[in-house]
Structures are given as structure tokens and as C-alpha cells.
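A structural walkthrough
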Amino acid sequence: MSRPLIGICAAVERAQWLGWDVDATLLSCRYPNAVQRAEGIALLLPPDDAMAESPGELLDRLDALVLAGGADIDPATYGARSHGATTGSNHARDRFELALAWAALERDLPLLGICRGMQMLNVAAGGTIRQHLPDDVGHERHRETANVFGNHEVVLEPGSLAARAAGQERHAVRSYHHQGPGELGDGVVASGVAVEDGTTEAIELPDRRFALGVLWHPEEDEASGVIGALVAAARGAAVALPVRGER
Ligand SMILES: [Mn+2]
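What comes next concerns the included structure.

Rules and cut-offs
Residues numbered from 1 in each chain as written. Predicted model: local features only at pLDDT ≥ 70, side-chain atom pairs only at ≥ 80, totals over all residues. Helix = DSSP H or I, 4+ residues; strand = E, 2+ residues; numbered from the N terminus. Buried ≥ 20, exposed ≤ 12 C-beta atoms within 10 Å, placed from the backbone. Axes fitted to C-alpha atoms, helices over the stretch in contact; angles between N-to-C directions. Left-handed = near helix turned anticlockwise from the far one by under 90°. Contact = placed C-beta atoms within 7 Å. Nonpolar A, V, L, I, M, F, W, Y, C, P; charged D, E, K, R; others polar.

1. Structural notes on unusual backbone geometry
For leucine 18, which is not a glycine, the phi torsion comes out positive at approximately 50°. Turning to its location among the elements, leucine 18 is positioned in the loop between strand E2 (11-17) and strand E3 (20-26). Overall, leucine 18 belongs to the exposed group, with 4 C-beta atoms counted inside 10 Å. Phi at glutamate 39 is positive, roughly 65°, even though this residue is not glycine. Positionally, glutamate 39 belongs in the loop between helix H1 (30-37) and strand E4 (41-45).

2. A word on the environment of glycine 79
Within the secondary structure, glycine 79 is located in the loop between strand E5 (64-67) and helix H4 (91-107). Of the residues examined, glycine 79 has 8 C-beta atoms within 10 Å and is grouped as exposed. Distance in space between the C-alpha atoms of glycine 79 and threonine 25 is 28 Å, their sequence separation being 54 residues.

3. What to know about the packing of H4 against helix H5 (residues 116-124)
Close contact between H4 and H5 brings their axes to 9 Å; oriented N to C, the two are set at 65°. Here the hand of the crossing between H4 and H5 comes out right-handed. Contact residues: H4 offers Glu97, Leu98, Ala101, Trp102 and Leu105, while H5 offers Met120, Leu121, Val123 and Ala124. Residue composition of the contact of H4 with H5, grouped by class: eight nonpolar, no polar and one charged.

Right under this line is the structure:
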């Protein structure tokens, strides 16, 4: 079979390279690299207001969608007030990703949300976001050091999509976030938590073919099965990976 086409929503950020200092469509190479290792074609998607109005035109051409990590979603998107620690929201990106997530859920296109993208998946389903986890859990270990991924353990519900995709139930993950899902959206179930404090780290919509959100960063971990499982779903294969032992 030909390689499935995986759209990955990119950020727009100020960036510097080769002496240029301009607004750039930006995404860590870890995302396309992981898709390509799984024998998918990675397509970067910049925010596009026309596609936010009619996302079907874009989704018709994709086999799966990834909502990547990045800046906080504007709290107004889910009816909350801004917290002092909420930073960097980009309204065009929020609009674009929300429209794509809605439309992907509607047509049951395989969908993976990572970190910010996991939260966007929950918002798209009608859920909310916990504004600043350290206020609730009393520690900073989900984002301990600025601009460095940390590690903590998660435990996933046996038999859930999260566990089947990850290929294991309890394991260490790469973490960098200060928010997390609050109230879960319609049809959304929590399928994994942080071992240390019970923060919801994985969500899914069991009535969809593949609709998964993880608060950690599988693209930063070559041993993770999560992105490969999405590409397999895009190819039309059922996700029935065996659960390996703990690492
Ligand atoms: Mn975490």
C-alpha cells in the first residue's frame, strides 16, 4: 500500500536561522521524523483561516491528523479566564486546530493530540483545561526545567487505545507541560494518569476508530509506539499491538 498522508498542525513563531529573524511556520523535526519512521508521509499544516471555515476540503486529502505541542490554548476558547501563567496563545492556530479537530472527530479520521494537542482534543469535544497544574498538584515536575523535557511515569488503562498504542501500560514518558485536561468533553474518557499525582495524561474517544490524546511527548521517544500506531490506523490497520513488559 502507498504511504498514508499524516497532516501535522504547525505553530507560527518568531524564529532565527541563517541570520533571518522572521515569523516562521515551525515544528520540531521529531514529529515528521516519527511519522516517517512509521512509513507515513508527514505534511506540515500552517494555520489557515479558509480551512478553519471549511476543514473538510483539507481533511479529504489526509489519512490522519496530528495536533502537536505548543503554546497554551486561549482560555476564552473553552470559556475560562486567563491565568497569569497562560502564555503565547495564537488565535489563528487555535481557530484552525479547533475546526480541524471537530471535523476529524465528526468524520472519524484518525486523530492524535500531543500535549497542547491533547488539550485541544478535549476542548473540541466540549471539555475544559486546568489552567496551571502546579496550583493543583503542588509541584513543578511536569515541567521542571525551562525548555528541557523531563521524565515521569504514567500508568495506562489495560486494553485502552492509549495502552495498545504505547505498547505498554506503565512506563516513563517525556513531559513538558503546565496545564492538563479539566472536565472531559462528550464521549471522552481518561485512559492514563501520572503515577505520582494522578494527573490525567491520556484521553480517548472509545466510539471512534482512533481518537487519542497524550499529555506527554511520544515524538521525543523513539521507543514509543504511539505515533506508529496512528500511522497504522491511517493505513487502515486495527491497533491491536501486544502490551510489552515495563521498561
Ligand atoms: Mn506530565
